[in-house]
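# Secondary and tertiary structure notes
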Amino acid sequence: MGYGAKRRRSPQRQVLFLFLLPLFSAALSKQIRYSIREEMARGSGVGNVAEDLGLHIQDLLARNLRVSAEKQYFTVSTENGSILVSGRIDRELLCPLSSLCVVPLEIVAENPLNVFHINVIIEDINDNPPRFPQNSIVLQINELAIPGSRFGLEPAVDADVGLHSLQSYQLGPNKHFSLVVKDKTEGRGAPELVLEKPLDREEESTHLLVLTAVDGGDPVLTGTVQIKIKVTDANDNPPVFSQEVYRVSLRENVPPGTSVLKVMATDQEEGINAEITYAFKSLGDDTGNKFLLDHQNGEIISKGPIDFETSISSTMSIEAKDGGGMTTECKLILEILDENDNAPEVVFMSVSSSVTEDAEPGTVVALFKTTDKDMGENREVLCLVKENCSSANNYHKLVTDGTLDREKTLEYNVTITASDRGKPPLSSSTSVTLLIGDVNDNAPVFQHASYTVHVAENNPPGASIAQVRASDPDLGPNGHVSYAIMASDLEPRMLASYVSVNAQSGVVLAQRAFDHEQRRAFQLTLQARDQGSPALGANVSLRVLVGDRNDKAPLFDTVPHATEPGYLVTKVVAVDADAGHNAWLSYHVLQASDPGLFSLGLRTGEVRTAWALGDRDAARHRLLVAVRDGGQPPLSATARLYLVFADSLQEALPDLSDHPAPSDPQTELQFYLVVALALISVLFLCAITFALALYLRCSSPPSGCFQSGFCSKTRPRDSLNYSEGTLPYSYYDPYGASDSHKTRLDVLTMMPELVAPQDLSNEAPLAVNVTEETKQIIPDSVASTHVSFNESFIRNESLIFKPVF
C-alpha cells in the first residue's frame, strides 16, 4: 500500500434510523482496519480512506471529511483522502498491559452526514527494556537453610508485548545459588533463587549476585538488578501464611480507612524468632498510594480514592518476616467493583450551525454519541429528546421530524438528556442551539388591500401624494422590498410625466401639477418585489382623486329673448370651470337705472320685465349685474346691460354706431360732484364780492350813492335772494324727441372685463337689443344680443371669459 501499514476489511450492512436514532456498528457498509507500528513519524500515511470508502477525491473538501476523536492522533488529508499520523503514538500509553492495541476512529463526512468506523491496530516495537522495580534486592538467609530452599524475587516489568516483552532471566555465576522461574497463573513468571550448597556465615557472611532480565526483541534489550544476600544465624522455621493467595472484592469510592483484608502468618519458633512483621514486597502501579499495611497485625486498609475507571483490579505481594530473618510471602488479588458514579456524557461529533427552513423532514442536523465510564448496567445509556432510544455503541443522529418555519421560530434550543440504567440512575444534559436559515418563502404584503388618496389640484411638482408600504418577514435580500409602477389607466407616454414612485420608500411623487378640469381621477397598479431568488412580489391598486380648488372665475354669456311684459328679456349666463360648491353661482343686481322695471333670477340669471313698458318709461336702461361663486374666498364677475328700446333692429343700429363707449358711473358721479362744487364756489364768491361792494357803497359819503335814500331805506325783505336761482345748465335728452308711439331699444356693445375677487367695481358691459311695437313681437323685429369680444379669450390667473351663443 505504500503506507507501511496493513489493511483488513469486513463487509457489513448500513442502516439509518430517523429522528434521534442510533448508529450501530453494523450500520456501516464496510469495516476497515489498518495496522501501523507505534512511534511512526508525523505525516506518515496510514491508509487511503477515501479510496477504501469509495469517495471521490473532488468531493472531500465539500463533504468536510475529518476524524472525530478526543485525542487527535490522526487526520485526513483533503487532497488525496489519506489518513495521516498527526501525533506521537506510544502503544504502551494507549494500551498498557494489553496484547492487542486497537485505536477506533470515527471518520465523519457531511453532505450527506455519515460516520465511518475504522480500526487502527498499533503494532508494538521493541522500544522498552525490562525494568526491575528496585535497583537492588536484599535477602537474609539463615545459615542453616537446607539446599533446595527457594527464595522469591520481585519480577521485572517490560512494557512491550509479544516477542518484545520479557522472555527470560539470567543469574550471574556463583557457587551457592541457581535460578528458576515460577509460572503463576495469577501473574507473570516470578524468578526464584534456589539454594544449591549450604551457607556458612563464619566463612562468608555476604553474597552479591546479578540478575538479568532479557526480552525477545531484535536487538535484545535487558535490565539488571543486584541481589545482596546476608547470611544470618540459625532459624529453622520460616513464617507460614494462612493462604498462599488472597482474593478480595472492594467497591470503588469507599471512604479512606476502610478495612480491606487482614492477612495472617504463623511461625513455629519461639521467642524473638516467632515475632512476625508484614510489609508490601511488590506493588503494582500506585498501589502504595491507595492502601496501608499494618506491619504488626497484617491489616490492609484503604488510603486514597479507589476508582474502578482507573484500575479494575490490583495485585500485591505481602511478605511476612520473623525475628530470625526468615521470610515468606503471599499474593493478594484485589478486584474493584464498579459503582454508578459517572454520569453519561453526550459528545457531539458534528453539528450543523443552521438548517434552512425548507429542509425536508428527516434532515440530519447533528451527529453525537453517548459515553459512560461505568460498566454493566451502569454503562447502558438512554438518550431522550422527545422519545427514548438506545444503542449498543451509543451513536445517534438528530434529525428534523416536521416542517420548519423561520418566521414562527427563529431557532431551536434542543436539549438532549442521557441517562444510564444504574441504581440510582445518573443523567446529564447537553443543549445545542440550531438556527433556522431563511429562504424566500414569503411574498411582500401591503398594509391595505387598495389605496385611495385625494390630491388637491395645482399641487407643486415633486410633492409627495401618497406612500404605500409592504412588509416581508424574510431576512436580508429576501425581505428587502422595492416598489415600482406596473400599470395605469393613463397613457404610457403620459404616465412618466404624471407620477413616479420611490423604489426604496414607496413614496408616490407627483411629477406635475394636476388639473381637476382636465383629469379628475386616475388609477395606478403598484408592485412590491423582494430581492430573493426567485423574487416574489405583490400588487396593489392606488386610485388618485384630483380635488377641485376655486381657481377659475365665472364666465358670462347671454342668450337673447323677445321682450314682452313679464317675459324673459335676456338671460345672463356665467360659466365656472370649478366643480362642486365652488361652482354654485348666484346673480345679483348692483345698479339699475329703473330699479323696479326689471327682475333678476338669483340662480337662473334670467332678466324679466316687471310690467309692460309704457310710453313714459325711458327708452334706455342700464343694469349692472354681478355673479358670485360659492368658493372660499368667493370669486365674482360683473356685466353691464344697456337696454335701448327701438321698433326694429335696423332702427337701433345708428344708435349703436354713434353711441359712445359706456363710461364708468363712478367717474361720472365724481365729475358731476366736481362741477357742482365748482359752481357753488363761484356763486359763493360772487355773492361775497357783491355783498362786500354793497357794504362799501353804503358806508361811503352820500355823494358816493346814486340815490342816498335807496341805500338807507332799503329793507331786508327787499334784498335780493340769490339762493332762489337755478343752475345755468339744462339736461338734454337726445332721445326725448323720439316718437311716443314707438319705443326704441338700442343695442350697445358689451366689453367684458376681469375683476379681482371681492371686487364688483369692474364691469363687463353687455348690450341687448329688443324691439317691441304695440307690446307685440314683430316677426322682423326680434330681441337679439350683440356681444363684442377681442379675437382671443380674455384671461387672467383666476378668471376665464368666453362667449356663449
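As the structure is a prediction and not an experimental result, all values here were calculated from the model. (Residues numbered from 1 in each chain as written. Predicted model: local features only at pLDDT ≥ 70, side-chain atom pairs only at ≥ 80, totals over all residues. Heavy atoms only, no water.)

A few words on the overall build of the protein chain. Counting its secondary structure elements, the protein chain contains seven helices and 52 strands. Expressed as a percentage of the 805 residues in the protein chain, the buried residues total 40%. Surface accessibility of the protein chain: about 43,600 Å² in total, with carbon and sulfur atoms responsible for 53%. (Helix = DSSP H or I, 4+ residues; strand = E, 2+ residues; numbered from the N terminus. Buried < 20%, exposed > 50% of the residue type's maximum accessible area, 1.4 Å probe, protein only. Areas by Shrake-Rupley, 256 points an atom, 1.4 Å probe, with all protein chains shown as cover.)

This next bit is on unusual backbone geometry. The omega torsion across D218 and P219 is 5°, close enough to zero to call that bond cis. Among the structural elements, P219 can be located in the loop between β15 (206–215) and β16 (222–232). Despite not being glycine, N64 shows a phi value in the positive range, around 50°. Considering the arrangement of structural elements, one finds N64 in the loop between α2 (60–63) and β5 (66–68).

Judged by pairing direction, the sheet is antiparallel, and its three strands sit side by side in the order β36-β40-β39 without closing on themselves. Single-partner strands in this sheet number two, and they are β36 (464–467) and β39 (499–501). With direction set aside, neighbouring strand axes in the sheet form an average angle of 25°. (Pairing = 2+ DSSP bridges. Axes fitted to C-alpha atoms, helices over the stretch in contact; angles between N-to-C directions.)

Now for a nonpolar patch on the surface. Where nonpolar side chains cluster on the molecular surface, the patch consists of F671, Y672 and V675 and spans about 320 Å² of accessible area. A relative accessible area of 52% places F671 in the exposed class. (Patch = residues over 30% accessible without salt bridge, like charges linked within 9 Å, V, L, I, M, F, W, Y side chains within 5 Å. Salt bridge = Lys/Arg side-chain N within 4 Å of Asp/Glu carboxyl O.)

With that settled, consider the state of the cysteines. Under the definition given, this model contains one disulfide. Across a sulfur-sulfur distance of 2.0 Å, C95 and C101 are joined as a disulfide pair. Disulfide C95 to C101: torsion about the S-S bond roughly 60°, handedness right-handed. For the pair formed by C95 and C101, the shared burial category is buried. (Disulfide = S-S within 2.5 Å.)

Once that is clear, we can look at the sheet that holds strand β4 (residues 45–48). The antiparallel open sheet is built from three strands, whose spatial order is β4-β7-β6. Each of the sheet's edge strands pairs with one partner strand only, and the pair in question is β4 and β6 (74–76). Between one strand axis and the next, the sheet turns through 20° on average, direction left out of account.

Counting residues in hydrophobic clusters, the biggest one holds 28 residues, and the most contacted among them are F446, I465, V499, V508, F514, F522 and L542. Sorting the residues of this core by element identifies β35 (450–456), β36, β38 (481–488), α4 (492–498), β39, β40 (507–510), β41 (521–530) and β42 (537–547) as the ones contributing at least two each. For this core, the leading source of residues is β42, giving five residues. For V508, the contacting residues outside a window of four places in its chain are A463, S464, I465, A466, V499, S500, V501, L524, L526 and L542. (Core = buried A, V, L, I, M, F, W, Y, C linked by side-chain atoms within 4.5 Å. Contact = heavy atoms within 4.5 Å.)

Before going further, it helps to spend a moment on the pairing of strand β32 (residues 411–420). Taken together, the nine bridges between β32 and strand β33 (residues 427–437) define a ladder with antiparallel strand orientation. When the sheet's bridge partners are listed, S419 is paired in β33 with S427.

Time to look at the side chain of D629. Within the secondary structure, D629 is located in the loop between β48 (620–628) and β49 (636–646). Among buried charged residues, D629 stands out as having no salt bridge; its nearest opposite-charge side chain is R628, 8.3 Å away. Of the polar contacts made by the side chain of D629, one reaches the backbone nitrogen of L635; its length is 2.8 Å. (Lys, Arg positive; Asp, Glu negative; His and termini not counted. Polar contact = N/O pair within 3.5 Å; in protein donor to acceptor, adjacent residues only side chain to side chain.)

Moving on, we come to the side chain of N126. Mapping N126 onto the fold places it in the loop between β9 (114–123) and β10 (136–142). Taking the relative accessible area as the measure of exposure, N126 reaches 18% and is therefore buried. Within polar-contact distance, the side chain of N126 engages the side chain of D215 at 3.4 Å.

With 74% of its residues at a pLDDT of at least 70, the protein chain reaches an overall mean of 75. No element of the protein chain has a lower mean pLDDT than strand β50 (residues 744–747), which averages 33, and none a higher one than β40, which averages 95. When the criterion is pLDDT under 50, residues 555–562 qualifies, and its contacts beyond four places in sequence or with other chains add up to 51 contacts. (pLDDT = per-residue confidence, 0-100.)

On to the pattern of salt bridges. Counted according to the given criterion, the structure contains 10 salt bridges. Where R150 meets E192, a salt bridge forms, and the shortest distance between an N and an O atom there is 3.4 Å. Within this pair, whereas R150 is found in strand β11 (residues 150–152), its partner E192 is found in strand β14 (residues 190–195), the two being separated by 42 residues in sequence. The exposure class assigned to R150 is exposed, which follows from its relative accessible area of 53%. The salt bridge involving E407 is made with R406; its shortest N-O contact spans 3.1 Å. Connected through shared salt-bridge partners, E39, R88 and D90 make up one network.

To continue, consider a negative patch on the surface. A cluster of acidic side chains, namely D200, E202, E203 and E204, defines a negative patch on the protein surface. Checked against the element boundaries, E203 lands in the loop between β14 and β15. (Charge placed at Lys NZ, Arg CZ, Asp CG, Glu CD.)

Moving on to the packing of aromatic side chains. To describe a pair of aromatic rings, you give the distance between the ring centres and the angle between the ring planes. One pass over the structure, following the stated rule, counts six aromatic pairs. Aromatic pair F132 and Y169: ring centres 6.2 Å apart, planes at 45°, arrangement tilted. Taken together, the residues span a long stretch of sequence, with F132 in the loop between β9 and β10 and Y169 in strand β12 (residues 166–171) at a distance of 37 residues. Grouping residues by exposure puts F132 and Y169 together as buried. Look at F514 and F522: their rings are 5.5 Å apart centre to centre, the planes differ by 80°, and that puts the pair in the edge-to-face class. The exposure class of F514 is buried, given its relative accessible area of 2%. Look at F522 and you get buried, because its relative accessible area is 0%. Joined through ring pairs, the aromatic side chains of Y498, F514 and F522 make up one cluster. (Phe/Tyr/Trp six-rings, centres within 6.5 Å; stacked < 30°, edge-to-face > 60°.)

Below, the discussion takes up the environment of V102. Positionally, V102 belongs in strand β8 (residues 102–109). Sequence spacing of V102 and Y34 is 68 residues, and the spatial spacing of their C-alpha atoms is 9.5 Å. Here V102 is in contact with C95, N119, V120 and I121, once residues within four sequence places are set aside.

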